[in-house]
Amino acid sequence: MSETGWAIALHGGAGTIPRAQVSAEKEAECHDGLRRALRAGADILEQGGSSFDAVEATVIELENDPNFNAGHGSVLTSDGGFELDASIMRGSDLEAGAVVGVSRIEHPISLARLVLEKSDHLMFVGEGAYEFAKSQNVPFVDPSFFDTPYRRAQLEAAKKASVVSLDHNDGKFGTVGAVARDRSGGLAAATSTGGMTNKKPGRIGDTPLIGAGTYASDQSCAVSATGHGEMFIRMTVARDIAALMEYANYSLEDAVHRKVMEELPKIDGDGGVVAIGKTGAPILVMNTDGMYRASMVENGKPYTAIFGDE
Ligand code: ASP
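Remember, predicted model here, so these are calculated numbers, not experimental data.

Asks: Give a detailed account of the sheet that holds strand β10 (residues 283-286), specifying residues and quantitative values.
Replies: With antiparallel pairing, the four strands of this open sheet are ordered in space as β7-β8-β9-β10. Looking at the sheet topology across the chains shown, the edges are occupied by β7 (214-216) and β10. For this sheet, the mean angle separating the axes of adjacent strands, direction not counted, is 10°. With three bridges joining them, β7 and strand β8 (residues 221-227) adopt antiparallel strand pairing. Within β8, the position partnered with Tyr 215 by the bridge is Val 223.

In structure tokens form, the structure reads like this:
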């Protein structure tokens, strides 16, 4: 592998993922989904494209996949609706875009990108996001587009148990995200989610918040997080990893380890991150039993994994 060649990593959510609860077919399906998404980004990077295009393409594939909690197949709010969040950041100029609480946009990550590219603002919520989407001729979908029987059943189970759950904590799948480095050393990160099952309407997690669930700076690293959003916000996880590198000379590996394995557990912050630096391979770390994840470096082979010991 070239130390500074392109590289990419993605996640499809972290949580308690007991092997016994994942059928062989489901496992194979998920590996296929992870590979497909990895390939979408890797192809762009291999052809000399930007890390920014690559992370968007990867997240679009994951939003399409009903096995993951983003786009079609998102989890439901306590009132049975959908509120999707997404953000994207470019490391070369620290430009970022985000959308919050949308239920009528097929690809929240692409709307977040448009916010970055075509608006004077960084983040749009609800009606304002729709007004902006209309101004950009983004097609609308009915909220039922995101609906899947499996997620409805999950909501009923969460309500019965009176919990707000990371959807993968019952052995299933989560928030999606990607980080990439292109051949010119440009870094980017993107994250997209339906949030947490049975969340109250209006609840916002870490995914759309720059510095919490998503961050990218060419000076240090790109990070995309998945996990219990409230704790990731309190710990400003994504920006802290970059800051540890920028201000305290941490290696990417040590910075990720400190936030995910040492600090988040102190406040019961379940989850993980994928991260990539100016050189070397991506880092994929979680403090949970498993994380749907994948990575690839230039001239390397695709790696996909679900359980902690893979
Ligand atoms: N971080 C997401 C949220 O809190 C959930 C997840 O990662 O699955 O909305």
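Let's pick the thread back up.
Asks: Which residues make up the pattern of salt bridges, and what values do they have?
Replies: Note on pairing: side chains with opposite charge can pair once their charged atoms come close. Applying the stated criterion across every chain yields a total of 18 salt bridges. Salt-bridge contacts for Glu 117 lead to Arg 113; the nearest nitrogen and oxygen are separated by 3.1 Å. With Glu 117 and Arg 113 both in helix α3 (residues 108-118), this residue pair falls four residues apart, about one helical turn. What makes Glu 117 partly exposed here is its relative accessible area of 38%. Arg 113 gets classed as buried once you look at its relative accessible area, which sits at 14%. With its nearest N and O atoms 3.2 Å apart, the salt bridge here joins Glu 246 to Arg 239. Put simply, Asp 53, Glu 56, Arg 113 and Glu 117 are held in one network by salt bridges that share partners.

Asks: An account of the site of the ligand is needed here, citing residue identities and associated values.
Replies: Around the ligand, 10 residues are found, and the nearest of them are Thr 175, Arg 203, Asp 206, Thr 226 and Gly 227. One nitrogen or oxygen atom from the side chain of Asp 206 is found 2.7 Å from a nitrogen atom belonging to the ligand. Thr 226 is positioned such that a nitrogen or oxygen atom in its side chain is 2.7 Å from an oxygen atom of the ligand. Here the ligand loses 100% of its free accessible area of 270 Å² to cover by the protein chains. Class assignment of the residues belonging to the shell around the ligand gives a composition of one nonpolar, seven polar and two charged.

Asks: An account of the packing of α3 against helix α4 (residues 126-135) is requested, with residue identities and associated values reported.
Replies: One can describe the packing of α3 onto α4 by two numbers: an axis separation of 11 Å at closest approach and a directional angle of 75°. Considering their axes alone, α3 and α4 lie roughly perpendicular with respect to each other. Here Leu 111, Leu 114, Val 115 and Lys 118 of α3 lie close against α4, whose contacting residues are Ala 129, Phe 132 and Ala 133. For the contact of α3 with α4, a count of residues per class yields six nonpolar, no polar and one charged.

Asks: Explain the environment of Leu 252 residue by residue, including any values.
Replies: With respect to the helices, strands and loops of the structure, Leu 252 is situated in helix α8 (residues 252-263). The contacts of Leu 252, once residues within four sequence positions are left out, are Cys 221, Ile 241, Met 245, Ala 275, Ile 276, Gly 277 and Ile 283.

Asks: Describe the nonpolar core, naming the residues involved and giving the relevant values.
Replies: Burial of nonpolar side chains together is a common tendency in soluble globular proteins. Grouped together as the largest cluster of nonpolar side chains are 51 residues, with contacts concentrated most on Ile 8, Leu 10, Ile 88, Leu 111 and Tyr 292. If you look at the next biggest cluster of nonpolar residues, it comprises 38 residues, including Ala 96, Met 231, Val 256 and Val 273.

Asks: Go over the packing of aromatic side chains with me, naming the residues and quoting the values.
Replies: For any pair of aromatic rings, the description consists of the separation of the ring centres together with the inter-plane angle of the planes. Tallied over the entire structure, the rule returns three aromatic pairs. With centroids separated by 5.9 Å and ring planes inclined at 75°, the aromatic side chains of Phe 68 and Tyr 292 adopt a geometry described as edge-to-face. Taken together, the positions of Phe 68 in the loop between α2 (51-64) and β2 (84-90) and Tyr 292 in strand β11 (residues 290-297) put the pair 224 residues apart, joining distant regions of the chain. Overall, the relative accessible area of 0% leaves Phe 68 in the buried class. Measuring from centroid to centroid gives 5.1 Å for Phe 124 and Phe 132, while their planes differ by 15°, and the two rings are stacked.

Asks: Quick one: what's the story with the side chain of Glu 56, residue by residue and with numbers?
Replies: Inspection of the secondary structure puts Glu 56 in helix α2. Beyond its immediate chain neighbours, meaning those up to four positions away, Glu 56 contacts Ile 88, Ile 109, Ser 110 and Arg 113.

Asks: Can you tell me about helix α5 (residues 149-160), naming the residues and giving the values?
Replies: Every α-helix carries 3.6 residues per turn, so stepping three or four residues along brings you back to the same face. Between its terminal C-alpha atoms α5 stretches 17 Å, which fits the 16 Å expected from 12 residues at 1.5 Å a residue. Along α5, the positions that sit buried rather than exposed are Arg 151, Gln 154, Leu 155 and Ala 158. Within α5, the buried residues cover an arc of 100° as seen down the axis, which keeps them to one side. Exposed side chains of α5 directed beyond 90 degrees from the buried face belong to Pro 149 and Lys 160. Downstream of α5 by a residue or two, Ser 162 has a phi angle that is positive, lying close to 50°.

The rules we used
- Residues numbered from 1 in each chain as written.
- Predicted model: local features only at pLDDT ≥ 70, side-chain atom pairs only at ≥ 80, totals over all residues.
- Heavy atoms only, no water.
- Pairing = 2+ DSSP bridges.
- Helix = DSSP H or I, 4+ residues; strand = E, 2+ residues; numbered from the N terminus.
- Axes fitted to C-alpha atoms, helices over the stretch in contact; angles between N-to-C directions.
- Salt bridge = Lys/Arg side-chain N within 4 Å of Asp/Glu carboxyl O.
- Buried < 20%, exposed > 50% of the residue type's maximum accessible area, 1.4 Å probe, protein only.
- Near = heavy atom within 4 Å.
- Polar contact = N/O pair within 3.5 Å; in protein donor to acceptor, adjacent residues only side chain to side chain.
- Areas by Shrake-Rupley, 256 points an atom, 1.4 Å probe, with all protein chains shown as cover.
- Nonpolar A, V, L, I, M, F, W, Y, C, P; charged D, E, K, R; others polar.
- Parallel < 35°, antiparallel > 145°, perpendicular 65-115°, else oblique.
- Contact = heavy atoms within 4.5 Å.
- Core = buried A, V, L, I, M, F, W, Y, C linked by side-chain atoms within 4.5 Å.
- Phe/Tyr/Trp six-rings, centres within 6.5 Å; stacked < 30°, edge-to-face > 60°.
- Expected span 1.5 Å × (residues − 1).
- Arc of directions from axis to C-beta.

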